[in-house]
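A structural walkthrough
Below, each chain spelled out in residue letters.
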Amino acid sequence: MEKIPSFQLDHIRLKRGIYVSRKDYVGDEVITTFDIRMKEPNREPVLGAPELHTVEHLAATYLRNHPDYKDRIVFWGPMGCLTGNYFLMRGDYTSRDILPLMQETFRFIRDFEGEVPGTEPRDCGNCLLHNLPMAKYEAEKYLREVLDVATEENLNYPD
Ligand SMILES: [Zn+2]
């Protein structure tokens, strides 16, 4: 079988950041898939599954309620390698276009207090697999070290 495009990306030189992973054309519409990379692949400890799961619940809740973008949100989900998330939007976007939206989203996670949405047994497939304090810690770190100081190398995949 052929090596699919996302395995051809040079993960050795990949930094943390926001990247356009691919664009898919569905009828007349473009779907932009973003790589929301929170950890440098193979060079630092990955996210714990519980906090990545909490990031998923909070990011999806925030984005699907967003007054300007809720109709454009297709999907948010964790990467199996535990270094980040995939985020799909309806429309043709660049990483820079969504940098403010990602800053808002991760500030929402950093500042979140109370019960994480969707963590009752009837709402989630593994409702015990959550860690809000660590999700807040990782959101703060990603904001401070990456999103709030993003340069071109945090917004474009290495050549
Ligand atoms: Zn869940």
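An unreviewed UniProt entry annotates the chain as S-ribosylhomocysteine lyase originating from Porphyromonas loveana. UniProt lists a comment for the chain under the heading Catalytic activity (unreviewed entry), and it reads "S-(5-deoxy-D-ribos-5-yl)-L-homocysteine = (S)-4,5-dihydroxypentane-2,3-dione + L-homocysteine". The UniProt entry for the chain carries the following text under Subunit (unreviewed entry): "Homodimer."

1. Section: the coordination of the zinc ion
Only His53 (NE2), His57 (NE2) and Cys124 (SG) from the protein reach the zinc ion as donors, at distances of 2.1 to 2.3 Å. One chain supplies every donor for the zinc ion, spaced along it as H-x3-H-x66-C. Within this pair, whereas His57 is found in helix H2 (residues 49–64), its partner Cys124 is found in the loop between helix H3 (95–111) and helix H4 (132–145), the two being separated by 67 residues in sequence. An identical accessibility class is assigned to His57 and Cys124; each is buried.

2. Focus: the nonpolar core
Ranked by size, the top nonpolar core spans 32 residues in total, and within it Ile18, Ile36, Trp76, Phe87, Ile98, Met102 and Phe106 carry the most contacts. Elements supplying a minimum of two residues to this core: strand E2 (29–37), H2, strand E3 (73–78), strand E4 (84–90), H3 and H4. Discounting residues that sit within four places of it in the chain, Ile98 has contacts with Ile18, Phe34, Ile36, Phe87, Met89 and Tyr93.

3. Structural notes on the packing of aromatic side chains
Enumeration over the complete set of coordinates arrives at seven aromatic pairs. Look at Tyr19 and Tyr157: their rings are 4.8 Å apart centre to centre, the planes differ by 15 degrees, and that puts the pair in the stacked class. In this pair, Tyr19 is assigned in strand E1 (residues 17–26) and Tyr157 in the segment after H4, connecting sequence segments 138 residues apart. By relative accessible area, Tyr157 is classed as partly exposed at 22%. For the pair Phe106 and Tyr142, a centre-to-centre distance of 4.9 Å together with 75 degrees between the ring planes defines the contact as edge-to-face. You can see Phe106 sitting in helix H3 and its partner Tyr142 sitting in helix H4, a full 36 residues away along the chain. For Tyr142, a relative accessible area of 2% translates into the label buried. Following the ring pairs from residue to residue traces out a cluster consisting of Phe34, Trp76, Phe87, Phe106 and Tyr142.

4. Digging into the packing of H2 against H4
At their nearest, the axes of H2 and H4 sit 8 Å apart, and the two run at 75 degrees to each other. Taken together, H2 and H4 sit at an angle that is classed as roughly perpendicular. Note on element contacts: H4 touches H2 through Leu132, Met134, Ala135 and Glu138, opposite Glu51, Thr54, Val55 and Leu58.

5. Notes on the pattern of salt bridges
All told, the structure shown has 15 salt bridges when counted by the stated rule. In this structure, the salt-bridge partner of Glu145 is Arg16, at a minimum N-O distance of 2.7 Å. Residue Glu145 is located in helix H4, and its partner Arg16 is located in the loop between helix H1 (5–8) and E1; the two are separated by 129 residues in the primary sequence. A relative accessible area of 15% means that Arg16 is categorised as buried.

6. Section: the sheet that holds E4
In spatial order, the strands read E1-E2-E4-E3; together these four strands make up an open sheet with antiparallel pairing. At either end of the open sheet lies a strand with only one pairing partner, and these are E1 and E3. Direction aside, neighbouring strands of the sheet carry axes that sit 15 degrees apart on average. Summarising the sheet, E2 and E4 pair through seven bridges and their orientation is antiparallel. Bridge pairing in E4 links Ile36 to Asn85.

Cut-off values and rules
Residues numbered from 1 in each chain as written. Predicted model: local features only at pLDDT ≥ 70, side-chain atom pairs only at ≥ 80, totals over all residues. Heavy atoms only, no water. UniProt positions renumbered as here; feature names shortened; annotations may be inferred. Donors = N, O, S within 2.8 Å, 3.2 Å for Na, K, Ca; no water. Helix = DSSP H or I, 4+ residues; strand = E, 2+ residues; numbered from the N terminus. Buried < 20%, exposed > 50% of the residue type's maximum accessible area, 1.4 Å probe, protein only. Core = buried A, V, L, I, M, F, W, Y, C linked by side-chain atoms within 4.5 Å. Contact = heavy atoms within 4.5 Å. Phe/Tyr/Trp six-rings, centres within 6.5 Å; stacked < 30°, edge-to-face > 60°. Axes fitted to C-alpha atoms, helices over the stretch in contact; angles between N-to-C directions. Parallel < 35°, antiparallel > 145°, perpendicular 65-115°, else oblique. Salt bridge = Lys/Arg side-chain N within 4 Å of Asp/Glu carboxyl O. Pairing = 2+ DSSP bridges.

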